[in-house]
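Examining the three-dimensional arrangement
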Amino acid sequence: MDVKSAFLNGPIKEEVYVEQPPGFEDDRYPDHVYKLSKALYGLKQAPRAWYECLRDFLIANAFKVGKVDPTLFTKTCDGDLFVCQIYVDDIIFGSTNQKSCEEFSRVMMHKFEMSMMGELTNFLGFQVKQLKDGTFISQMKHTQDLLKRFGMKDAKPAKTPTGTDGHPDLNKGDFDYAGCKADRKSTLGTCQFLGRSLVSWSSKKQTSVALSTAKVEYVAAGQCCAQLLWMRQTLQDFGYNLSKVSLLCDNESAICLADNPVEHSRTKHIDIRHHFVRDHQQKGDIDIYHISTENQLADIFTKPLDEKTFYRL
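Note that this is a predicted model, so its numbers are computed, not measured.

This part is about the overall build of the protein chain. Of the regular secondary structure elements, the protein chain holds seven helices and 15 strands. Within the protein chain, buried positions represent 34% of all 313 residues. Once local pairs closer than 6 in sequence are excluded, the contacts in the protein chain between residues at least 24 apart make up 52%. A total accessible area of about 20,700 Å² is found for the protein chain, and carbon and sulfur atoms account for 53% of it.

Here is the structure:
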């Protein structure tokens, strides 16, 4: 659904005054100003006012606000789940009951001036193809636009993200422990799965120099843990409760750091915030397991792998 004049729907709590617009001046009071009761485009309060207006309306209709994402609204009725996601003036929704979708569409169009865009095909750079046996999401068009923007549309393709010959760029850290030749900072790579589907991933150069490979992996495990906990909480908003989430790491020393609550000389240099993963390991939110290096899928984000290994992973 697309909301027409979304920012004009939200009542504002603050006192805001505007000059009389050209062509609408009051001849009796030409120096007077108008006090706004609703937001106008250009006001910094407009996005918040619109969100609060929509949120209050949905809550009044038995929706619950997501604990992690406040733009996510869910509703359960007779065992059927209804999901509604807000992005400024665009709304996407779906349900396990077709009648719920039709009712929601009718109610929203009655309350706000909206237009139905039909089945979701494009959203925030994603192409969405809904099939009988599942939903396929891709960013092909977005990727092609990026290549065109940076003049790489006719560039020679590579079979892997990073070549195995030559040297890395001095401004990059695409390469595991102390891989950056300029500042010796390491790059961590993580990927998260929902079932067998890869749903998020990252490759990021660390902000400080690591003194050991164990610290690199330990910090990476902490960041991966944070993402997993976010995913777990999001799933709870959808009605799925997971007690423990598995986190796979190919460094046994890093796993030992997460298991061992006792500080010693080898871990004193590690910032306190990186012990986040240890706390959640002890709470039972996650379970850390060892995985062999040859089966570590996240290596495709940080290491120059040969073509055979890359495609295997």
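One finds Ile91 and Met108 to be the most contacted residues of the largest nonpolar core, which totals 18 residues. Sorting the residues of this core by element identifies α1 (46-60), β6 (80-87) and α2 (98-111) as the ones contributing at least two each. Take this core: its biggest share by element is five residues, from α1. Sequence-distant contacts of Ile91, that is, excluding residues within four places in its chain, are made with Met1, Val3, Leu54, Cys84, Gln85, Ile86, Met108 and Met114. Judged by nonpolar contacts, the second largest core, of 16 residues, contains Tyr218, Ala221, Val245 and Val277.

Roughly 2,400 Å³ of volume is contained in the largest pocket. In terms of lining, the largest pocket is formed by 50 residues, of which the most central are Ile92, Leu120, Val128, Thr135 and Ile137. Mapped by element, the contributors of at least two residues to the lining of the largest pocket are β6, β7 (90-95), α2, β9 (122-123), β10 (126-131), β11 (134-138), β13 (197-205) and α4 (213-237). Looking at the lining of the largest pocket residue by residue, the classes come out as 26 nonpolar, 18 polar and six charged. Lining the lining of the largest pocket are residues from two domains, each supplying at least three of them: domain 1 (2-131) and domain 2 (187-312). Each pocket or cavity is described by its volume, and for the second largest pocket that value is around 650 Å³.

With respect to topology, three strands assemble into an open sheet ordered β9-β10-β11, the strand pairing being antiparallel. The two strands at the open ends of the sheet, each matched to only one other strand, are β9 and β11. Bridge count for β10 against β11 is five bridges, and the pairing is antiparallel. Considered in β11, the bridge of Leu131 is made with Gly134.

Our next topic: the side chain of Ser138. Examined against the element boundaries, Ser138 turns out to sit in strand β11. Here Ser138 is in contact with Gly125, Phe126 and Gln127, once residues within four sequence places are set aside.

Another point: a nonpolar patch on the surface. A surface patch of nonpolar side chains, amounting to about 460 Å² of accessible area, comprises Tyr87, Val88, Leu124, Phe126 and Ile137. Within the element layout of this structure, Tyr87 appears in strand β6. Of the residues examined, Tyr87 reaches a relative accessible area of 42% and is grouped as partly exposed.

Mean pLDDT over the protein chain stands at 81; residues scoring 70 or higher make up 86%. When pLDDT is averaged over each helix and strand of the protein chain, the minimum, 74, is found for strand β1 (residues 2-3) and the maximum, 92, for strand β4 (residues 64-65). In the model, residues 167-173 has pLDDT below 50 throughout and makes 12 contacts with residues more than four positions away in sequence or in other chains.

Another point: helix α5 (residues 252-259). Listing the buried residues of α5 in full gives Ala254, Ile255, Leu257 and Ala258. Along α5, the residues classed as buried sweep out an arc of 155 degrees about the axis, all on the same side.

Scanning the model with the defined rule gives 10 salt bridges in all. For the salt bridge of Arg232 with Asp285, the shortest nitrogen-to-oxygen distance reads 3.5 Å. Here Asp285 lies in the loop between α6 (276-283) and β15 (286-290) and Arg232 lies in helix α4, a separation of 53 residues in the sequence. Among the residues examined, Arg232 registers a relative accessible area of 16% and is labelled buried. Lys303 is the partner of Asp299 in a salt bridge, and the nearest nitrogen-oxygen pair spans 3.6 Å. On the basis of relative accessible area, Asp299 is assigned to the buried category, the value being 8%.

Here β4 runs beside strand β5 (residues 72-77); their pairing, made up of two bridges, is antiparallel. Residue pairing across strands places Lys64 opposite Thr74, the latter belonging to β5. Here β4 folds back onto β5, and the loop between the two strands holds six residues. Strand direction decides the pairing type here: β5 and β6, joined by six bridges, are antiparallel. Note on β6: the bridge partner recorded for Thr74 is Val83. A loop of two residues connects β5 with β6, the two strands running antiparallel in sequence, and Asp78 in this loop sits at a positive phi of about 55 degrees.

Thresholds applied
- Residues numbered from 1 in each chain as written.
- Predicted model: local features only at pLDDT ≥ 70, side-chain atom pairs only at ≥ 80, totals over all residues.
- Heavy atoms only, no water.
- Helix = DSSP H or I, 4+ residues; strand = E, 2+ residues; numbered from the N terminus.
- Buried < 20%, exposed > 50% of the residue type's maximum accessible area, 1.4 Å probe, protein only.
- Contact = heavy atoms within 4.5 Å.
- Areas by Shrake-Rupley, 256 points an atom, 1.4 Å probe, with all protein chains shown as cover.
- Core = buried A, V, L, I, M, F, W, Y, C linked by side-chain atoms within 4.5 Å.
- 1 Å grid on protein atoms, 1.4 Å probe; cavity = no way out; pocket = protein on both sides within 12 Å on 5 of 7 lines; lining within 4 Å.
- Points joined across faces, edges and corners; volume = space filled by probe spheres on them.
- Nonpolar A, V, L, I, M, F, W, Y, C, P; charged D, E, K, R; others polar.
- Domains from an automatic or database assignment.
- Pairing = 2+ DSSP bridges.
- Patch = residues over 30% accessible without salt bridge, like charges linked within 9 Å, V, L, I, M, F, W, Y side chains within 5 Å.
- Salt bridge = Lys/Arg side-chain N within 4 Å of Asp/Glu carboxyl O.
- pLDDT = per-residue confidence, 0-100.
- Arc of directions from axis to C-beta.

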